[in-house]
Amino acid sequence: MNVFINKNIPEAGIKLLQEKGINLTINPKENILSKEDFIKICQKNDALLSVGTQNLLDEDFFQQCPHLKGIALFSVGFDSVHIPSANSRKIPVGNTPDVLSRATSDVAFLLMQSVARKSFFNHKRILNNDWGSFDPLANLGQELYGKTLGVFGLGRIGFEMAQKCKAAFGMNIIYHNRSRKEDAEKELDAKLVDFETLLAESDVLSVHANYTIENNELFNKNAFAKMKSNSIFINTARGKFHNENDLFEALTNNIIWGAGLDVTNPEPMKSDNPLLSLSNCCVLPHIGSATYEARNGMAVCAAQNIIALFENKKMPYCVNE
Ligand code: DGY
């Protein structure tokens with residue numbers, strides 16, 4: 001079997017694939033492929049191990065590559081794939097769940113504290129030679145002890161974020177999810193609430209759901225207007241969950257207190273983006289899963305998905321079967 005890997009991945013995954021005798025074509029990092037060239041290479045391969053292919057795996061791609069035995073994504077999110085097109089051609093699509101939950105929730109937790117204590121802004125003050133003398137009234141942040149964390153999407157990552165917030169700050173946990181999560185209710189005393197209550201009661205609202213078009217820019221002017229004025233909005237899931245202009249307006253008009261983003265809308269964010277100039281906004285460049293542990297785990301999951309195709313078995317982490 002011939003597999004195309006469009007950007008190199010950690011050795012742990014490559015080794016597993018090579019041990020099975022699978023032929024790999026790995027595109028070097030410096031070689032930026034046009035959509036046309038990407039499709040041409042996929043047409044010569046039996047499967048794709050897809051790394052960061054935002055906007056490539058669309059209806060047109062599936063029309064031109066109906067022969068593929070499967071696609072193994074190097075991500076847990078699968079919003080980059082036009083799933084109905086994969087389904088209609090019976091092409092399995094695999095993802096990398098669990099292995100990055102810790103790392104991604106760590107970044108949500110990091111952003112929450114960074115916003116609460118304005119850490120990015122204060123770091124910038126030093127760089128700008130603006131440390132100055134001690135001022136009892138300046139640069140005040142918030143303490144999170146006993147506050148309410150609202151989790152939008154209580155899957156694996158949301159659960160880990162809630163666990164950390166409960167353990168570190170004794171936060172109360174409320175969540176909005178398609179289904180009830182009895183394990184979270186038992187372990188964290190979490191309470192399932194409707195969306196309006198999540199907006200109204202969260203001191204920190206953290207987004208952890210799978211992105212779908214139905215919740216495109218769900219966190220917009222209307223939603224921010226219903227949040228507390230001392231609240232912090234955290235998004236480590238997908239930038240398309242929030243409307244960036246509305247978020248800017250909410251942050252500059254004291255509608256909400258702060259925001260921490262590991263994902264932006266669009267990505268990558270440009271250096272002149274007005275959000276970057278705010279004292280109450282912390283932005284990271286989509287590094288949720290960027291730890292050695294998580295990326296090795298992702299490489300292994302993606303390789304296991306490809307190996308299953310090679311052995312004519314069901315992918316262990318399939319999102320569309
Ligand atoms: C994921 O795994 O979905 C991360 O966001 C990286 O794309």
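Predicted model only: the values in this text are computed from it and were never measured.

### What about the UniProt feature "domain: D-isomer specific 2-hydroxyacid dehydrogenase catalytic" (unreviewed entry) in the protein chain?
Taking the numbering used here, the UniProt-annotated feature "domain: D-isomer specific 2-hydroxyacid dehydrogenase catalytic" (unreviewed entry) corresponds to residues 4-320. Along residues 4-320, the helical share is 37% and the strand share 14%, with 21 Å between the first and last C-alpha atoms.

### Focus: the UniProt feature "domain: D-isomer specific 2-hydroxyacid dehydrogenase NAD-binding" (unreviewed entry) in the protein chain
As annotated in UniProt, the feature "domain: D-isomer specific 2-hydroxyacid dehydrogenase NAD-binding" (unreviewed entry) corresponds to residues 111-288 in the numbering used here. Overall, residues 111-288 shows 32% helix and 15% strand. The separation of its end C-alpha atoms is 11 Å.

### Digging into the site of the ligand
Around the ligand, the surrounding shell consists of S75, V76, G77, L100, G288 and S289. Of the residues contributing to the shell around the ligand, the split by class is 2 nonpolar, 4 polar and no charged.

### Brief notes about the sheet that holds strand 10 (residues 232-235)
Spatial ordering of the open sheet is given by 8-7-6-9-10-11-12, a layout of 7 strands whose pairing is parallel. One side of each edge strand has no neighbouring strand; the edge strands of this open sheet are strand 8 (191-192) and strand 12 (281-283). Bridge count for strand 10 against strand 11 (residues 258-261) is 4 bridges, and the pairing is parallel. The partner of N235 across the bridge, within strand 11, is L261.

### Description of the pairing of strand 6 (residues 148-152)
Successive residues of a regular strand alternate their side chains across the two faces of the sheet. Extensive coverage of strand 6 is indicated by the burial of 4 of its 5 residues. Where strand 6 lies against strand 7 (residues 172-176), 5 bridges are found, and the strand directions are parallel. Pairing of L149 across the sheet is with I173, part of strand 7. The β-α-β motif built from strand 6, the intervening helix 7 (residues 156-169) and the parallel element strand 7 has right-handed crossover chirality. For strand 6 and strand 9 (residues 204-207), the ladder comprises 4 bridges, and the chain directions are parallel. Paired with G150 across the two strands is L205, which belongs to strand 9.

### Quick word on unusual backbone geometry
Here the bond from N265 into P266 is cis, since omega is 10°, no more than 30 degrees from zero. Relative to the helices and strands, P266 resides in the loop between strand 11 and strand 12. Residue P268 is reached from E267 by a cis peptide bond, and omega for that bond is -5°. Within the secondary structure layout, P268 lies in the loop between strand 11 and strand 12.

### A look at the domain arrangement of the protein chain
Per the domain assignment, the segments of the protein chain are domain 1 (2-97 + 292-310) and domain 2 (101-283). If you average the C-alpha positions of domain 1 and of domain 2, the two centres end up 32 Å apart. In this complex, domain 1 contributes 5 residues to the contact, which on the side of domain 2 involves 5 residues. Looking at the side of domain 1 that touches domain 2, its residues break down into 2 nonpolar, 1 polar and 2 charged.

### A few points about the nonpolar core
Counting 90 residues, the largest nonpolar core has I71, A162, A302 and I306 as the members making the most contacts within it. The greatest single-element share of this core, amounting to 9 residues, is contributed by helix 12 (residues 292-310). With near-sequence residues (within four places) excluded, I306 lies in contact with V3, L17, I22, A47, L49 and A72.

The rules behind each value
Residues numbered from 1 in each chain as written. Predicted model: local features only at pLDDT ≥ 70, side-chain atom pairs only at ≥ 80, totals over all residues. UniProt positions renumbered as here; feature names shortened; annotations may be inferred. Helix = DSSP H or I, 4+ residues; strand = E, 2+ residues; numbered from the N terminus. Near = placed C-beta within 6 Å. Nonpolar A, V, L, I, M, F, W, Y, C, P; charged D, E, K, R; others polar. Pairing = 2+ DSSP bridges. Buried ≥ 20, exposed ≤ 12 C-beta atoms within 10 Å, placed from the backbone. Right-handed = clockwise from strand over helix to strand, strands pointing away. Domains from an automatic or database assignment. Contact = placed C-beta atoms within 7 Å. Core = buried A, V, L, I, M, F, W, Y, C linked by C-beta atoms within 7 Å.

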